[in-house]
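# Structural overview for review
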Amino acid sequence: MTTGAWTAVDDQRVVPALGGLIEGTGMWRTGTLACMDRTGRFLTGAWDPPGPEGEDGPGIAGEGSWARFIGRIGAVALRAAVASTRPERRERLLALLEMWAESPFADPAARLRTGIVVTERLAVRDGRGAAVSVGWSREGRRRFVELRTGDAEPPSLGEIEEARDVPRGWGSPEQLRRLVALVRERGPAPWDREAVALLRERTGMGRPAASLALAGLLERMYVPFLDADERATLRLKVAEAEDGASELARLTALERLELLADVLPEDPAELWEPDGMRGVAERLAEAWQARRGRRAVVPERTLKAVVELQLLRLSAAEFCAAFTHPAAEPGLSAPLDTWIKNSEHGPLLTDARWDIVRFEDRLHSLVPHLAWVYAELPAGDPVREGLPGLVRLLLERLDHPGLLLRAGRPAAGSGRTVAELQERFGFRPYAGPERLDVASIDDGLTVITDGTVDRRGHRSPPRVHFRPAFYGDDERSQALAALTSGFGREDLPLVEWLRGPVCARIAERVESASLPVGAYESNPAASAPDLVARVADALGLDEDAAALHLQLLALPAPTDRNVRTWNGWKTARHQKAAATLVERGLVTEDKRPRAGRRVFLPGEWIHAKKPYQPMEAWKAELIGLRRSYNRRLESPLPLPTRTLPELFAHAWSLVEKGEGPA
């Protein structure tokens, strides 16, 4: 593409190329690059708009967030240069850079300001300078860009509410032209896995997020998020790419621009040197630490295992960070005061900074997986070692009197309105910062609000909230538990389990360092060696076969891969132990969908589809997993009622009593 040829580019498709760096993508239309170019030329006096006195201006490109590129164009340049960018997107990014290099926006001597102005005017210009509206009107306010060409104040579009000089970062005309020429001559800068590792080490990001950050802080906007070639370059599987995007999702467009603004080398040619991308990673890591701090680096195997959990609310790195440094995590860093306010959809739980969403994201992602961390990560893993501290912090937050949480809806037959529940919960209404539009009750522990009435006159069930600090064994707590019995209890079961004896014993097991570093609680030879010896003696087995037998009895997913990981076995050792159990008639050999193993307990097998785990019916009953209406397993694993040594012992006790699988 020769100089000036950017005008032939279909620039509507520049939007996905800029995903995450701009806002209001639905407002971007064909001609946005030309509109940016006209804006620059209007400011310098090189283009005259039609209309009386020139007030029609050059038009609005997108919704105006492109003005943030001034002084931060390095973010766009990085995406244009890296190997992971799709060719069709790269061409549009290069076109933008080519246009930008000829504009006043790249001129380090240009006296530019941006801000917010109260106006309906689009443009103004005289001998002192010019100003242009670059955004659509919002309540009479617009974004503007201003260029001063004289000594006096330039003409104004209206009352300026906010104005600031633009930053001066990477991206002089010479740098932009050189980078564009190098990409076209040499192709994109080679991808460097060592640079990803360096960025991960310096920031504590997960590897997928570090890869996406080094590729220009890509954002998940379009499906598929990354195509096969992009994933191959970044060495990411689909689930890893989604997880990395989730980790970076809280960054705003402006934050992404600021992080990437100055990461490119002064001489763009350095990108093609062997350590060129490592220099980018170092500068990005410095910018990241300055703005967002640094998380503890956790083992890659741990992050991969968490990605496989397919968490909906947290990324793998956020999940791990809650264990390694919980007090720094959003929603956990301080006691949380919440209250109920009115909304279009009825009473809504809120707080001063909307941290209740982050707190509940962590409560619902972490608590159901505490047992997984305890059971399937090795002793010495920083995430596992952080479990007791996380539990203590969660309990502290739950003990804060100002915290209100959700307890779902009243159980069927309990009552459909606040009036029907007043005999049990009293007549005192909820008193929050604002008066509620619906009737309410507040007995100090439980807050109940009436449902809303829809257009057809149907009233939704009441909503129940509770203060966990006051939840215990008293009559009020018993009334709350009875009201919300059944499904849909939301936060209440998690609070009950966190405060219960099993969670305490799990935390104690981790904190006691009862396992040697590298050992797994899921390996009974490490966590319950005396029991393994008893089983071996009773059945006439060697200890490997006895340990495997206990794992098949008690663990929900004793796949071949898991067993070899937990036990540290090679394939031959595992196969020998399994063959012994088959020969003794203790297990059967078979092939079953999604089992991940070849040996099974005798008796009925229950099927399940992803993400649920199929297993033997005897084992499902052992761990408290109930079948759905179609006799399949369609529920997540219940919160554990025993530690693993206790579960192994209980399973064996049933076998000893003649109540084992048959």
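Everything here concerns the structure above.
First, a word on what this report is: a plain description of the structure on this page. (Residues numbered from 1 in each chain as written. Predicted model: local features only at pLDDT ≥ 70, side-chain atom pairs only at ≥ 80, totals over all residues. Heavy atoms only, no water.)

Time to look at the overall build of the protein chain. For the protein chain, the count of helices and strands is 28 helices and 15 strands. Each of the three principal axes of the protein chain carries a C-alpha extent, and together these read 95 × 70 × 40 Å. The long-range fraction of contacts in the protein chain, counting pairs at least 24 apart against all pairs at least 6 apart in sequence, stands at 67%. Approximately 29700 Å² of the protein chain is accessible, and the part contributed by carbon and sulfur atoms is 49%. (Helix = DSSP H or I, 4+ residues; strand = E, 2+ residues; numbered from the N terminus. Contact = heavy atoms within 4.5 Å. Areas by Shrake-Rupley, 256 points an atom, 1.4 Å probe, with all protein chains shown as cover.)

Going through the model one piece at a time under the given rule, you end up with 46 salt bridges. In this structure, Arg-250 engages Glu-318 in a salt bridge whose closest nitrogen and oxygen atoms are separated by 3.8 Å. With Arg-250 in the loop between helix H9 (238–248) and helix H10 (253–260) and Glu-318 in helix H13 (residues 316–324), this pair connects stretches of sequence that are 68 residues apart. Owing to a relative accessible area of 5%, Glu-318 belongs among the buried residues under this scheme. Of the charged contacts, one joins Arg-597 and Glu-616 as a salt bridge, the two residues approaching to 3.0 Å between their closest N and O atoms. Of this pair, Arg-597 sits in the loop between strand S12 (588–589) and strand S13 (599–600) while Glu-616 is found in strand S15 (residues 615–616), placing the two residues 19 residues apart along the sequence. Residue Arg-597 is classed as buried on the basis of its relative accessible area of 6%. (Salt bridge = Lys/Arg side-chain N within 4 Å of Asp/Glu carboxyl O. Buried < 20%, exposed > 50% of the residue type's maximum accessible area, 1.4 Å probe, protein only.)

Turning our eyes to something else, we now look at the environment of Val-280. Here Val-280 lies in helix H11 (residues 276–292). Among the residues examined, Val-280 registers a relative accessible area of 0% and is labelled buried. Sequence-wise, Val-280 and Glu-230 are 50 residues apart; in three dimensions their C-alpha atoms are separated by 19 Å. Among all residues touching Val-280, those that are not within four sequence positions of it are Leu-78, Leu-214, Val-263, Leu-264, Pro-265 and Leu-271.

So, about the pairing of strand S6 (residues 338–341). Burial of S6 is one-sided: the residues Thr-338 and Ile-340 facing one way are buried, the residues Trp-339 and Lys-341 facing the other way are not. With four bridges joining them, S6 and strand S7 (residues 348–351) adopt antiparallel strand pairing. Residue Trp-339 lies in a different strand from S7, and its bridge partner there is Thr-350. Following S6, the chain reverses through six residues before pairing antiparallel with S7; Gly-346 in that reversal takes a positive phi of roughly 105°. (Pairing = 2+ DSSP bridges.)

Turning our attention to the pairing of strand S2 (residues 123–126). Note: S2 against strand S3 (residues 129–133), four bridges, orientation antiparallel. Its bridge partner being in S3, Asp-126 is matched across the sheet by Gly-129. What sits between the antiparallel neighbours S2 and S3 is a turn of two residues.

Turning to the packing of aromatic side chains, a few remarks are in order. With the rule as written, the count across this model stands at seven aromatic pairs. An angle of 45° between the planes, with centres 5.2 Å apart, marks the rings of Phe-319 and Phe-323 as tilted. Placement of both Phe-319 and Phe-323 in helix H13 is noted, with a separation of four residues, approximately one turn of the helix. Where Phe-466 meets Tyr-471, the ring centres are 6.0 Å apart and the plane angle is 70°; that geometry is what we call edge-to-face. Summarising the burial analysis for this pair, Phe-466 and Tyr-471 share the class buried. Members of the aromatic cluster, connected to one another through ring pairs, are Trp-66, Phe-69, Trp-100 and Phe-105. Residue placement shows Arg-125 over the ring face of Phe-42; its charged tip is 4.5 Å from the ring centre. Above the ring of Trp-288, the side-chain terminus of Arg-292 is found at 5.5 Å from the ring centroid. (Phe/Tyr/Trp six-rings, centres within 6.5 Å; stacked < 30°, edge-to-face > 60°. Lys NZ or Arg CZ within 6 Å of the ring centre and 35° of its normal.)

Attention now moves to the sheet that holds strand S9 (residues 440–442). Here four strands make up an open sheet; going across it, the order is S8-S11-S10-S9 and the pairing antiparallel. Of all strands in the sheet, those bounded by a partner on one side alone are strand S8 (405–408) and S9. Sheet twist, expressed as the mean angle between neighbouring strand axes with direction ignored, is 20°. Where S9 meets strand S10 (residues 446–449), three bridges bridge the pair, whose relative direction is antiparallel. Counterpart to Ser-440 in the pairing with S10 is Thr-449. (Axes fitted to C-alpha atoms, helices over the stretch in contact; angles between N-to-C directions.)

Let's shift gears to the environment of Trp-191. The residue Trp-191 is located in the loop between helix H5 (173–186) and helix H6 (193–203) in this model. With 86 residues separating them along the chain, Trp-191 and Met-277 place their C-alpha atoms 7.3 Å apart. Setting aside anything within four residues of it in sequence, one finds Trp-191 in contact with Ala-83, Val-196, Ser-211, Leu-214, Ala-215, Thr-233, Leu-234 and Met-277.

Read from one edge of the open sheet, five strands run S2-S3-S4-S1-S5, paired in antiparallel fashion. Pairing within the sheet leaves two strands with one partner each, and these edge strands are S2 and strand S5 (159–165). Neighbour-to-neighbour, the strand axes of the sheet open up by a mean angle of 20°, direction not taken into account. Where strand S1 (residues 111–118) lies against strand S4 (residues 141–148), eight bridges are found, and the strand directions are antiparallel. Bridged to Thr-114 within S4 is Val-145.

Before going further, it helps to spend a moment on the environment of Arg-632. With respect to the secondary-structure elements, Arg-632 resides in the loop between helix H27 (617–622) and helix H28 (644–656). Look at Arg-632 and you get partly exposed, because its relative accessible area is 31%. Sequence-wise, Arg-632 and Ala-269 are 363 residues apart; in three dimensions their C-alpha atoms are separated by 60 Å.

On the surface, a cluster of positive charge is made up of Arg-193, Arg-235, Lys-237 and Lys-304. Along the chain, the position of Lys-304 falls in helix H12 (residues 300–308). Of the residues examined, Lys-304 reaches a relative accessible area of 40% and is grouped as partly exposed. (Patch = residues over 30% accessible without salt bridge, like charges linked within 9 Å, V, L, I, M, F, W, Y side chains within 5 Å. Lys, Arg positive; Asp, Glu negative; His and termini not counted. Charge placed at Lys NZ, Arg CZ, Asp CG, Glu CD.)

Here the focus is the nonpolar core. Ranked by size, the top nonpolar core spans 104 residues in total, and within it Phe-323, Phe-359, Leu-370, Leu-387, Leu-405, Phe-466 and Leu-498 carry the most contacts. For this core, the element with the highest residue contribution is helix H24 (residues 543–554), accounting for eight residues. Excluding residues that lie within four positions of it along the chain, Leu-405 makes contacts with Leu-349, Ile-356, Phe-359, Glu-360, Leu-363, Leu-398, His-465, Phe-466, Pro-468, Asp-491 and Val-495. Counting 89 residues, the second largest nonpolar core, distinct from the first, contains Cys-35, Ala-130, Leu-214 and Leu-260. (Core = buried A, V, L, I, M, F, W, Y, C linked by side-chain atoms within 4.5 Å.)

Glancing now at the side chain of Arg-256. Relative to the helices and strands, Arg-256 is located in helix H10. Within the structure, the side chain of Arg-256 is placed 2.8 Å from the backbone oxygen of Leu-248, a separation counted as a polar contact. Dropping the residues within four chain positions of it, Arg-256 is found in contact with Gly-20, Leu-21, Leu-217, Leu-218, Glu-219, Leu-248, Ala-249 and Leu-251. (Polar contact = N/O pair within 3.5 Å; in protein donor to acceptor, adjacent residues only side chain to side chain.)

This brings us to a negative patch on the surface. A contiguous patch of negative charge, built from Asp-262, Glu-266, Glu-270, Glu-273, Asp-275, Glu-282 and Glu-286, is present on the exposed surface. Its location among the elements puts Asp-262 in the loop between H10 and H11.

For the rest of this paragraph, the subject is the packing of H12 against H13. Each pair of packed helices gets described by two things: the angle between the helix axes and the distance between those axes. Following both chains from N to C, one finds H12 and H13 inclined at 115°, their axes separated by 9 Å at the closest point. In this structure, H12 meets H13 at a crossing whose hand is right-handed. The residues of H13 that touch H12, namely those facing Thr-302, Leu-303, Val-306 and Val-307, are Ala-316, Ala-317, Phe-319 and Cys-320. Partitioned by chemical class, the residues of the contact of H12 with H13 number seven nonpolar, one polar and no charged. (Left-handed = near helix turned anticlockwise from the far one by under 90°. Nonpolar A, V, L, I, M, F, W, Y, C, P; charged D, E, K, R; others polar.)

Purely spatial values, then, with no claim about function.
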